[in-house]
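Okay, here's what each chain looks like letter by letter:
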Amino acid sequence: MRPTAKDLAEAAGVSLATVDRVLNDRPNVSPKAARLVNDAIERIGFVRNPAAVSLARSKRYRFLFLLPASGDLYLAELLRHVEELTAALKGDLTEITCRQIAADDAHGVAKLLSGLDKEAVDGVALMAPESPQVRDAMARLLERNIKVVQFLSGQEKLPEADFVGIDNLAAGATAGKLMGMLAGPQPGKVLVIAETMQSLDSIQRRLGFDQVINSAFPHLTCLPSIETHADEARTRQVVGRVLAGNRDVAGIYVLSSEARVPILAAAGNVELSRIAVVVHERTPFTEQALRDDLIDAVIAQDPGHAVRSAIRIMRARSDAREPLAAQEKIRIEILLKENL
């Protein structure tokens, strides 16, 4: 049987109230009593159970998801999973709130973060492009003991905050390997489409992609990244213009999480079944596009796993526990028409 607080009190020769004060860093404990309790913890192998403590005190966890206001099908998947867990965890003393923000407004995001109250929020999971303003605001949250999870897109110089998501450099390299294999041996160009190149995940994916193409498939030339800024009309215009000026495109790589609009824009200008197409994230559109041979491969990360992982990490940090790294690792999945 695991030693209880009562066993610990007996082993330390102190009262149960003293044990409670030591375990929870409360005042009015003498150095001698604290030493006796800590020595007994080591001696009998006592393990504090934060979940039981929280339940006994009816402690509530208050977590906030801040997701972009602009998005398409993958954003809808994230919102759906947050909503599901909001309902599922109410009985577990966990309150989850989700707000959609103008993620590309760095000053606005920083102002929102600065206004969060420690008495109302225990943890924040934020999905926003990298910027000095947002990074500094997140660092100030950590200083105020509000837990921070960088959700799917991180801030390069903020290692103190936890990150949930795939290894984006590896994801881009995987896309490069697939593109080189699918495009064939003939020389050609690769069109790279991003929602924005200001986000760290986009930068890392592009870097990994270019490294593999340049080293292993030098007959392919990667064009400069097109930025769509989640604007459907702009996407159609820019993609059409680039494809009209580059008739030797052998492949298209959509490195952002939303593939529907870029792929439909490209389909209006070239026959996608004749070139290699690699995109990110599993959505109803990308599943059907695989079946229809509009795209060849999808590099995916499980949105449900990402949302659950962010919540588990914020809860562990709130309980002063270390998250289980193996459980929170998000795998890079490769989906083909044949393995849907």
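What counts and how
- Residues numbered from 1 in each chain as written.
- Predicted model: local features only at pLDDT ≥ 70, side-chain atom pairs only at ≥ 80, totals over all residues.
- Heavy atoms only, no water.
- Phe/Tyr/Trp six-rings, centres within 6.5 Å; stacked < 30°, edge-to-face > 60°.
- Buried < 20%, exposed > 50% of the residue type's maximum accessible area, 1.4 Å probe, protein only.
- Helix = DSSP H or I, 4+ residues; strand = E, 2+ residues; numbered from the N terminus.
- Pairing = 2+ DSSP bridges.
- Axes fitted to C-alpha atoms, helices over the stretch in contact; angles between N-to-C directions.
- Contact = heavy atoms within 4.5 Å.
- Parallel < 35°, antiparallel > 145°, perpendicular 65-115°, else oblique.
- Left-handed = near helix turned anticlockwise from the far one by under 90°.
- Nonpolar A, V, L, I, M, F, W, Y, C, P; charged D, E, K, R; others polar.
- Right-handed = clockwise from strand over helix to strand, strands pointing away.

- An unreviewed UniProt entry annotates the protein chain as LacI family DNA-binding transcriptional regulator of Rhizobium alvei.

A closer look at the packing of aromatic side chains
- Within this structure, the stated rule accounts for three aromatic pairs.
- A ring pair is formed by tyrosine 61 and phenylalanine 63, whose centres lie 6.0 Å apart and whose planes are at 40 degrees; its orientation type is tilted.
- When its relative accessible area of 1% is taken as the criterion, tyrosine 61 is described as buried.
- Classification of phenylalanine 63 as buried rests on a relative accessible area of 2%.

Quick look at the side chain of threonine 283
- Within the secondary structure, threonine 283 is located in the loop between strand S10 (276-280) and helix H12 (284-291).
- Overall, threonine 283 belongs to the buried group, its relative accessible area being 5%.

A few points about the sheet that holds strand S1 (residues 61-68)
- Here we have five strands laid out as an open sheet, ordered S2-S1-S3-S4-S5, and parallel in their pairing. Bordering the open sheet on either side are strand S2 (94-101) and strand S5 (162-164), each of which pairs with just one other strand. In this sheet, neighbouring strand axes are inclined to one another by 20 degrees on average, regardless of whether the strands run parallel or antiparallel.
- In this structure, S1 lies alongside strand S3 (residues 123-126), joined through four bridges in parallel fashion. Paired with leucine 66 across the two strands is leucine 126, which belongs to S3.
- The strands touched by helix H7 (residues 132-143) are S3 and strand S4 (147-151); relative to S4, the strand with the most contacts, the crossing angle is about 145 degrees.

Topic: the packing of helix H5 (residues 73-88) against helix H13 (residues 303-318)
- At a minimum axis distance of 9 Å, the contact between H5 and H13 shows a crossing angle of 45 degrees. With respect to H13, the axis of H5 lies oblique. The hand of the H5/H13 crossing is right-handed. Listed contacts from H13 to Tyr74, Glu77, Leu78, His81, Val82 and Leu85 of H5 are Pro303, Gly304, Val307, Arg308 and Ile311.
- Its residues assigned to classes, the contact of H5 with H13 comprises seven nonpolar, two polar and two charged.

Side note on the pairing of S10
- Of all five residues in S10, five are buried, a share of seventy percent or more.
- As paired elements, strand S9 (residues 249-254) and S10 share three bridges and run parallel to each other. Residue glycine 251 lies in a different strand from S10, and its bridge partner there is alanine 276.
- Crossover handedness for the path S9 to helix H11 (residues 260-267) to S10: right-handed.
- Pairing of S10 with strand S11 (residues 297-300), which is carried by three bridges, proceeds in the parallel orientation. Bridge assignment links histidine 280 to a residue of S11, and that residue is isoleucine 299.

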